Amino acid sequence: MNPYPPPSTPLQNTKIFDLSRLLPGPYTTRLLADLGAEVTKVETPLLGDYAREAPPEFGGATMFDMLNRGKQSLALNYRNKQGREIFLKLAQTADIIVETFKPGSVDKWGIGYAAVKAINPRIIYCSISGYGQTGPYANRPGHDLNYIAIGGLLGLTGTTESGP
């Protein structure tokens, strides 16, 4: 018997399925993994997380590795019937699901909050999008440059004529 058992962590025994891509979702679930959660990154075959293909100026594959350390990985095409059935079976055991798709996408694929809640009433379902799930900008892509521009900060950086 180990005289020095590992310390308990705040999220031990918490199971998370991470369908997110790029930065906000994977960073969120990485922090949760650091707190002891069991995180499984679920990626579609062939495409997966776009961060795997990040150019060197954005950290290349190192960014993907940093954001997804401490996670298990699963390739699953949840957009087809068989994959959806597998995902919903797995979702019965989940505590939290995190996704970062355009609003309405997970519902269209049959793996949205309502579908998961029907089989797992205690689920916490986190949908991250650039401008929220409803409203006039909900379907717009949202990245740093978009937020800087819409917030007016981009206009403060100057022009070619004026300089910074």
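Refer to the structure printed above.
None of these values were measured; they are calculated from a predicted model.

## Considering a nonpolar patch on the surface
Nonpolar side chains collect at one region of the surface, where Leu145, Ile148, Leu153, Leu154 and Leu156 lie side by side and expose about 490 Å² of accessible area between them. As for its position among the elements, leucine 153 is in the segment after α6 (144–150).

## What about the environment of leucine 76?
Along the chain, leucine 76 turns up in the loop between β3 (72–75) and α3 (81–91). The spatial distance from the C-alpha of leucine 76 to the C-alpha of valine 42 is 6.5 Å, given a sequence separation of 34 residues.

## Digging into helix α1 (residues 24–34)
Along α1, the residues that are buried comprise Gly25, Pro26, Thr29, Arg30 and Ala33. When α1 is viewed along its axis, its buried side chains cluster within an angular range of 130° and face the same direction. Contacts made by the buried residues of α1 are with β1 (15–18), β2 (38–43), α2 (60–68) and β4 (96–99). Count one or two residues on from α1 and you reach glycine 36, which has phi positive near 105°.

## Focus: the side chain of threonine 40
If you trace the backbone, threonine 40 turns up in strand β2. You can call threonine 40 buried: its relative accessible area is 8%.

What counts and what doesn't
Residues numbered from 1 in each chain as written. Predicted model: local features only at pLDDT ≥ 70, side-chain atom pairs only at ≥ 80, totals over all residues. Heavy atoms only, no water. Patch = residues over 30% accessible without salt bridge, like charges linked within 9 Å, V, L, I, M, F, W, Y side chains within 5 Å. Areas by Shrake-Rupley, 256 points an atom, 1.4 Å probe, with all protein chains shown as cover. Salt bridge = Lys/Arg side-chain N within 4 Å of Asp/Glu carboxyl O. Helix = DSSP H or I, 4+ residues; strand = E, 2+ residues; numbered from the N terminus. Buried < 20%, exposed > 50% of the residue type's maximum accessible area, 1.4 Å probe, protein only. Arc of directions from axis to C-beta. Contact = heavy atoms within 4.5 Å.

Everything listed here is a matter of geometry and, on its own, says nothing about what the molecule does.
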